[in-house]
Amino acid sequence: MENRVEPEEKMAENGGGERQEPQTNNVRKKKKRVKGGIRTMPFILANDACDRFASSGSHANMITYLTNELNMPLVKASNTITNFGGLGSFTPLIGALIADSFAGRFWTIIVGSLIYELGLVSMTLSATLPHLRPPPCPTQENCKEASSSQLGILYLSLLLSSIGSGGIRPCVVTFAADQFDMSKAKVESRKWNFFNWYYFCTGTASLIALTVVVYIQDNVGWGLGLGIPTIIMAVSVLAFVLGSPLYRRVKPSGSPLVRLVQVIVAAVKKRKAVAQEDPSLLYENRELDAGISSTGRLLHSGQYKWFDRAAIVTEDDGRDLNSPNLWRLATVHRVEELKCIIRMLPIWAAGILLIASNSHQGSFVIVQARSMDRNLFSPSFQIPPASMSVFGTLTVLIGLVLYERLFVPFARRYTKNPSGITCLQRMGIGFAVNIIATIVSAFVEIKRKQVAAHHGLLDKPTATIPISVFWLLPQFCLHGIAEVFMSVGHLEFLYDQSPESMRSTAVALYWMATSVGNYIGTIIVTLVHEYTGKGKEGNWLPDRNLNRGKLEDYYLLVSGIQLLNLVYFVIAAWFYKYKPLEVVIESNGEGDVELAKESAKDITLDDATGNGEVGENKVETN
């Protein structure tokens, strides 16, 4: 390791990466204005919050719009929502690759927001202009379905919205985090964890959309109900652009996928090379990696040593080490980038089944709520079945505040960790709470059917069972608590443990887990419906009469799957090795600089991500 940090590496925590010019007693040079910081958050988070507001406002009640306004059959409408919802969860991966490769996060967000806005405008026009909709059909009998051209406008708007989301969702959280100095000297002064702020803002936006916008759509009109999200999204794009002079921008440094493939190809080409016992003999090039390691280089780790062959310098490679053929020779930092992704995948995969187990929240629970007593305060006002999800969102918002203000200080007393617990511990708690929530769902369904049987209503699926809908409240709250721990911890883990140049791609994995989890949930429901229907005891998930089904058995089945998933996660977390990172820290008030080597042995997860203390093996510079 070199004993002196190069001038371009002396970025003494000035936020934007500008170099500090020396000052003398006679000449005082004007400092460049530091970019980034908390002042950028209103512009950045407003953009993502408006995306969530528009997404929730336009999609939460979309099944009603398709069936009542466009007169689509229920199955066709459901498949339309599922297909475009899946597309909207996969496009973030494409957007992340574009941002990390050449476009940068700022411009990817701008273009994605504009495309999303075009989708909202198209959808609003479809709901406003009469010739873009079929004739009204209040009776829902013998209705004229939307024509091909009318459906074409709808499909175009949903396609544009899905593509636009792909540019916004993976980039906003990483772009916002880029504005902060995540160095350890700043950690204990943080009053609020950034990822809690992010989740709180998006949750608030969803809550407003699920209440105000959905009410307007049902009681005022779809033109205004879709027009409001369209207008707010347009304002957020303008605000985001106005804040551009304040932003700290991390330049893209080439396709991360190409670098990963280069390492694999180089390792395959040198598969017969003798492995180096001394890691210091492996190829390193600080100048070559400068663009992808501004916050510190990844150091050699002992895992997956087979890939170290890509960094072995042979006679052919030694001819020009300043400009090597990257398809034959990779630096240690680039090899470790590949190792980081490989290490993260088992933890990432554990989140898929959590999403799959929660997929019933938008279907079976609504059917349960529709059959229960939904009166609130007076018989004249009933809670809409779909509005029960508001309680889960409220729990998330309240839980985030309590987590930061009560749980973290309490846990810090025992763990001595400034963040209270690590990301992996936070995820594990979320898994456990989610299992409890699903078990509670099973007992509530048993109670609902007992009341129905007592009043002779088992064969009357449309009758209101005299049991309060608030029996469903505990499971919504527990699922919200699980989201506070698991979802936020999962997002923070993917951001922190990913290579610096691949953070947008890593956050896109979060959305991919959501997409895959929803599809797996559909597969589980389909298999249960098909195979339990062949038995003598009847289908667990009947098509018409849920009172004669066995939804509680389905919940217990999902609980068992989640228990196995928790065991898998604990094993994966036990063997997980945190990325070893060399970071630049300030050692004293005179501007001297130290290199701190963080290894997997002497740090916790939050240490590796800027949430803990530096390890013991510190290397001072002259």
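Residues numbered from 1 in each chain as written. Predicted model: local features only at pLDDT ≥ 70, side-chain atom pairs only at ≥ 80, totals over all residues. Heavy atoms only, no water.

1. Re the overall build of the protein chain
And step 1. Broken down by element type, the protein chain carries 17 helices and eight strands.
And step 2. A total of 622 residues make up the protein chain; the buried ones form 52% of that total.
And step 3. Nonlocal contacts in the protein chain, meaning residues at least 24 apart in sequence, comprise 80% of its contacts between residues at least 6 apart.
And step 4. As presented, the protein chain carries roughly 29,300 Å² of accessible surface, and 62% of it is formed by carbon and sulfur atoms. (Helix = DSSP H or I, 4+ residues; strand = E, 2+ residues; numbered from the N terminus. Buried < 20%, exposed > 50% of the residue type's maximum accessible area, 1.4 Å probe, protein only. Contact = heavy atoms within 4.5 Å. Areas by Shrake-Rupley, 256 points an atom, 1.4 Å probe, with all protein chains shown as cover.)

2. A look at the packing of helix α10 (residues 332-358) against helix α15 (residues 503-532)
And step 1. Look at α10 against α15: their axes get within 7 Å of each other, and the N-to-C directions meet at 40 degrees. Considered as vectors, α10 and α15 are oriented oblique to each other. Note that α10 runs across α15; the crossing there is right-handed. Note on element contacts: α15 touches α10 through A506, L509, Y510, M512, A513, T514, V516, G517, N518, I520 and G521, opposite M344, W348, I352, L353, I355 and A356.
And step 2. Tallied by class, residues from the contact of α10 with α15 come to 13 nonpolar, four polar and no charged. (Axes fitted to C-alpha atoms, helices over the stretch in contact; angles between N-to-C directions. Parallel < 35°, antiparallel > 145°, perpendicular 65-115°, else oblique. Left-handed = near helix turned anticlockwise from the far one by under 90°. Nonpolar A, V, L, I, M, F, W, Y, C, P; charged D, E, K, R; others polar.)

3. Focus on the side chain of S487
And step 1. With respect to the element layout, S487 can be found in helix α14 (residues 473-497).
And step 2. Overall, S487 belongs to the buried group, its relative accessible area being 10%.
And step 3. Discounting chain neighbours no more than four positions away, the residues touching S487 are Y199, A482 and Y510.

4. Comments concerning the nonpolar core
And step 1. One finds I44, F240, I347, L424, F493, L494 and F569 to be the most contacted residues of the largest nonpolar core, which totals 64 residues.
And step 2. Among the elements that make up this core, the one with the highest residue count is α14 (eight residues). (Core = buried A, V, L, I, M, F, W, Y, C linked by side-chain atoms within 4.5 Å.)

5. So, the packing of aromatic side chains
And step 1. A complete count under the given rule lists 18 aromatic pairs for this structure.
And step 2. Geometrically, the ring pair formed by F391 and F470 is edge-to-face, given 6.0 Å between the ring centres and 75 degrees between the ring planes. Of this pair, F391 sits in helix α12 (residues 389-415) while F470 sits in the loop between β5 (465-468) and α14; the two residues are 79 residues apart in sequence, bridging distant segments of the chain.
And step 3. Arranged with centres 4.9 Å apart and planes meeting at 55 degrees, the rings of F431 and F569 form a pair that is tilted. Of this pair, F431 sits in helix α13 (residues 423-454) while F569 is found in helix α16 (residues 551-575), placing the two residues 138 residues apart along the sequence. Grouping residues by exposure puts F431 and F569 together as buried.
And step 4. Every member of this aromatic cluster is reached through a ring pair, and the members are F106, W107, F175, F240 and Y247.
And step 5. Against the face of F106 rests R249, its NZ or CZ located 3.9 Å from the ring centre.
And step 6. We note R426 situated over the ring of Y403; from NZ or CZ to the ring centre the distance is 3.8 Å. (Phe/Tyr/Trp six-rings, centres within 6.5 Å; stacked < 30°, edge-to-face > 60°. Lys NZ or Arg CZ within 6 Å of the ring centre and 35° of its normal.)

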